[in-house]
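Residue strings, one per chain:
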Amino acid sequence: MRTWLRQHRGAFTRAVHKLLAQRAATLLNALVIGVALSLPAGGYALLANLQGVAQRFTFEPQVSVFLKPEAKRAELEARLRADRRVAALRFVSRDEALAELRVAEGLADVVAALERNPLPDAFVVRAADGGAAALEGLAGTLRALPGVANVQVDSAWAERLAALARIGRLALAALAVLLATGLVAVTFNTIRLQILTQREEIEVSQLLGATDAFVRRPFFYLGLLQGLAGGVLALAILWAGLAVLNAGVRDLAQAYGSSFQLVFLPGRDALAVVAFAALLGWLGALLSVSKYLR
Amino acid sequence: MISFSAVSKRYPGGQEALAGISFSLAAGELAFVTGHSGAGKSTLLKLIAAIERPTAGSVVVNGQNVGALKRGAVPYLRRNLGLVFQDHKLLYDRSVFDNVMLPLSFGTLAPRDAARRVRAALDKVGLLARERANPIQLSGGEQQRLAIARAVVNRPAVLVADEPTANLDAESAARIVDILLSFNQVGVTLVLATHDEALVARHGRRVLQLAAGRLARA
Ligand SMILES: Nc1ncnc2c1ncn2[C@@H]1O[C@H](COP(=O)(O)OP(=O)(O)OP(=O)(O)O)[C@@H](O)[C@H]1O
Ligand SMILES: [Mg+2]
């Protein structure tokens, strides 16, 4: 056990020395990896921020049912209540609606200028199932009821936002896979060059009784450390990028009276980026070693 | 200690480098392997260390059938052998000390003990004062002695040296031979390939003479 630890420490030390001995190349490689990884990580952070914004508004799966003037309110209400897809029901009379409008900023003058109330009576229906298909289905049924002038699904835009976010996440995942492959390729090549330059040492070591594991270990650490450095660099790039963006966002937000700021990845996700980068570096080393160390 | 029975070796796409070789060496024995260039001396030594595998027959070292050894077991065989290669195989990117340290770095010795071993080995070959030098700064004879120090640092029971006196003047060669014999005198089995007739005549009790891959004298 002690020997095993010592050998790993030895391999780790040798890997670190190799990296330090080639500082420029190491930095360049880490930078390539860092830039590559900062793209999906940045996209992920932006998406997370957008979703944060979206979630501040509560999206009740609501359907507004506007009534014709001649509609029979009580009869309609009974039919709505009987529908299992309706979780809750609220009646908003045309007078209430107008009163609400009057209170809304900047509209008081407009309302005052009206000769008569142009608004219809309405039911605000909260659906039991918030899914887009379910809401559309419900809206279709409601539209067909006698006395109903118009039906509006209020959460449609939330659904659309969610769909957009899904597409965004998918695109990010594709980008991440692509760049992860690139990262593995970069490490693969770095380790290949390392193996070539150390061919002699490897050969002599094997002739003198070094095991395969002993010979390979430093290269694994090399790949791992390079990936790790790239991951940390990616976070640094992301952090700097967000700081720059936030300068602009602050002005924009202030114009809307908000103190909104883009936030960095949560600690768990940041850690995941670094761990993922290290893992990919290790993978690149593994592929290279199994191909070039025989 | 070492025994060959009906060993043949054919390199891929080549002629038979060795054919029907049988002999056996007892522990602590000293044997010279002689023959013209291309006779198969290096090939015979490489079979002992499983650097090459026999095409037919069996090579047994220390009770192990070396020819059939699994890849994973080869390193452990080699750690019990001292190998001096025809082309030294020294590393010129590190000091004399670090060259001798190399075989200990994959062993189980604690660093402090390893360093002590390295200095003891360098002392035996008279290179202790040069431990910080780069091997490139050493003369041919000194490089050969360094190769010997690296071979014996693991305290092997068998020492295998491939033409250690080639390209050396008489004085340097004599010193190398003295060093190698001194290990044999303390019980190390020594197999020495050479085409130096005078050397063989002086010390040769056991001579394995190869001619075109066959044993002409054992
Ligand atoms: N790796 C190899 N591939 C193919 N043929 C080889 C290889 N190594 C040696 N041979 C051939 O095997 C034969 C024996 O070679 P070996 O190196 O054992 O001879 P040697 O007695 O050590 O010669 P020298 O005194 O020149 O070192 C030679 O004909 C050589 O060409
Ligand atoms: Mg030879």
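Residues numbered from 1 in each chain as written. Chains lettered and ligands numbered in written order. Predicted model: local features only at pLDDT ≥ 70, side-chain atom pairs only at ≥ 80, totals over all residues. Heavy atoms only, no water.

A look at the nonpolar core
Counting residues in hydrophobic clusters, the biggest one holds 54 residues, and the most contacted among them are Ile2, Phe4, Leu44 and Ile48 of chain B. Per element, the largest residue contribution to this core is seven residues, and it comes from helix α9 (residues 212-255) of chain A. When sequence neighbours within four positions are dropped, the list of residues in contact with Phe4 of chain B reads Ile21, Ser22, Phe23, Leu44, Leu47, Ile48, Ser58 and Val59 of chain B. One finds Val96, Ala115, Ala161 and Ile179 of chain B within the second-largest nonpolar core, a separate group that totals 41 residues. (Core = buried A, V, L, I, M, F, W, Y, C linked by side-chain atoms within 4.5 Å. Buried < 20%, exposed > 50% of the residue type's maximum accessible area, 1.4 Å probe, protein only. Helix = DSSP H or I, 4+ residues; strand = E, 2+ residues; numbered from the N terminus. Contact = heavy atoms within 4.5 Å.)

Here's the deal with the confidence of the model for chain B
Per-residue pLDDT for chain B averages 91, and the proportion of residues at 70 or more is 100%. Reported for the predicted complex are a pTM of 0.75 and an ipTM of 0.92. (pLDDT = per-residue confidence, 0-100.)

Topic: the site of ligand 1
All names here are of chain B. Around ligand 1 lies a shell formed by Tyr11, Ala17, His36, Ser37, Gly38, Ala39, Gly40, Lys41, Ser42, Thr43, Gln86 and Glu163. The separation between an oxygen atom of ligand 1 and a polar side-chain atom of Lys41 is 2.8 Å. Here Ser42 contributes a side-chain N or O atom positioned 2.8 Å from an oxygen atom of ligand 1. For the shell around ligand 1, the element with the most residues is helix α1 (residues 41-48), which contributes three residues. (Near = heavy atom within 4 Å. Polar contact = N/O pair within 3.5 Å; in protein donor to acceptor, adjacent residues only side chain to side chain.)

Section: the sheet that holds strand β4 (residues 148-153) of chain A
Residues and elements named next belong to chain A. Read from one edge to the other, the open sheet built from four strands follows the order β2-β3-β1-β4, with strand pairing classed as antiparallel. Two strands bound the open sheet, and with one partner strand each, they are β2 (86-92) and β4. The average undirected angle you get between the axes of adjacent strands in this sheet is 20°. Across five bridges, the pairing between strand β1 (residues 62-67) and strand β3 (residues 122-127) is antiparallel. Residue pairing for β3: Val65 is matched across the bridge by Phe123. (Pairing = 2+ DSSP bridges. Axes fitted to C-alpha atoms, helices over the stretch in contact; angles between N-to-C directions.)

Regarding the pairing of strand β9 (residues 206-211) of chain B
All names here are of chain B. Relative to β9, strand β3 (residues 30-34) runs parallel, the two sharing four bridges. Bridge pairing in β9 links Val33 to Leu208. Pairing geometry for β9 and strand β10 (residues 214-217), over three bridges, is antiparallel. Within the sheet, the bridge partner assigned to Leu210 lies in β10 and is Leu215.

Structural notes on the layout of surface pockets
Picture a little ball the size of a water molecule; that probe, rolled over the atoms, points out where space is still empty. Empty space within the largest pocket amounts to approximately 1100 Å³. Lining the largest pocket are 36 residues; nearest its centre among them are Gly10, Arg14 and Glu201 of chain A together with Arg94 and Ser105 of chain B. Within the residue set of the lining of the largest pocket, elements represented by two or more residues are α1 (2-21), α7 (156-197), α8 (199-207) and α9 of chain A together with α3 (96-105) and α4 (111-124) of chain B. Looking at which element gives the most residues to the lining of the largest pocket, the answer is α1 of chain A, with 10 residues. (1 Å grid on protein atoms, 1.4 Å probe; cavity = no way out; pocket = protein on both sides within 12 Å on 5 of 7 lines; lining within 4 Å. Points joined across faces, edges and corners; volume = space filled by probe spheres on them.)

Comments concerning the interface of chain B and chain A
On the side of chain A, 17 residues touch chain B, which itself brings 23 residues to the contact. For the chain B and chain A pair, buried surface summed over both sides reaches about 1700 Å², with 59% attributable to carbon and sulfur atoms. Where chain B packs against chain A, one counts three salt bridges. In this structure, Glu203 of chain A engages Lys89 of chain B in a salt bridge whose closest nitrogen and oxygen atoms are separated by 3.2 Å. Counting every contact that joins chain B to chain A gives five residue pairs in polar contact (both at pLDDT 80 or more). Those elements that provide at least two residues to the side of chain B that touches chain A are α2 (74-79) and α3 of chain B. Sorting elements by how many residues they give to the side of chain B that touches chain A places α2 of chain B first, with four residues. (Buried area = accessible area lost by both parts, 1.4 Å probe. Salt bridge = Lys/Arg side-chain N within 4 Å of Asp/Glu carboxyl O.)

Observations regarding the domain arrangement of chain A
Looking at chain A, the domain boundaries give domain 1 (7-57 + 159-293) and domain 2 (62-154). Placing a centre on the C-alpha atoms of domain 1 of chain A and another on those of domain 2 of chain A gives a separation of 52 Å. (Domains from an automatic or database assignment.)

Here we look at the side chain of Gln226 of chain A
All names here are of chain A. You can see Gln226 is positioned in helix α9. Accessibility expressed as a relative area gives 4% for Gln226, which makes it buried. Non-local contacts of Gln226, meaning those with residues more than four positions away in its chain, are made with Asn29, Ile33, Val186, Thr187 and Thr190.

What about the coordination of the magnesium ion (ligand 2)?
Residue and element names in this part refer to chain B. The protein atoms that coordinate the magnesium ion (ligand 2) are Ser42 (OG) and Gln86 (OE1), at distances spanning 1.9 to 2.3 Å. With Ser42 in helix α1 and Gln86 in the loop between β6 (81-84) and α3, the pair connects residues that are 44 residues apart, well separated along the chain. Under the relative-accessibility criterion, Gln86 is labelled partly exposed at 44%. (Donors = N, O, S within 2.8 Å, 3.2 Å for Na, K, Ca; no water.)

Topic: the environment of Lys89 of chain B
By the element assignment, Lys89 of chain B lies in the loop between β6 and α3. A sequence separation of 48 residues divides Lys89 of chain B from Gln137 of chain B, and the C-alpha atoms of the two residues are 15 Å apart. Every residue in contact with Lys89 of chain B, bar those within four places of it in the chain, is listed here: Glu203, Val204 and Leu207 of chain A together with Arg150 of chain B.

Here we look at α1 of chain B
Residue and element names in this part refer to chain B. Burial within α1 is extensive, with seven of its eight residues counted as buried. Taken as a whole, α1 has its buried residues at Lys41, Ser42, Thr43, Leu44, Leu45, Leu47 and Ile48. Directly after α1, the chain includes Ala50, whose backbone phi takes a positive value near 60°.

Observations concerning the environment of Phe91 of chain A
Residue and element names in this part refer to chain A. Mapped onto the elements of the fold, Phe91 is located in strand β2. Here the alpha-carbon distance between Phe91 and Ser64, two residues 27 residues apart in the chain, equals 9.9 Å. Setting aside residues up to four positions removed in sequence, Phe91 forms contacts with Leu67, Arg73, Glu96, Asp121, Ala122 and Phe123.

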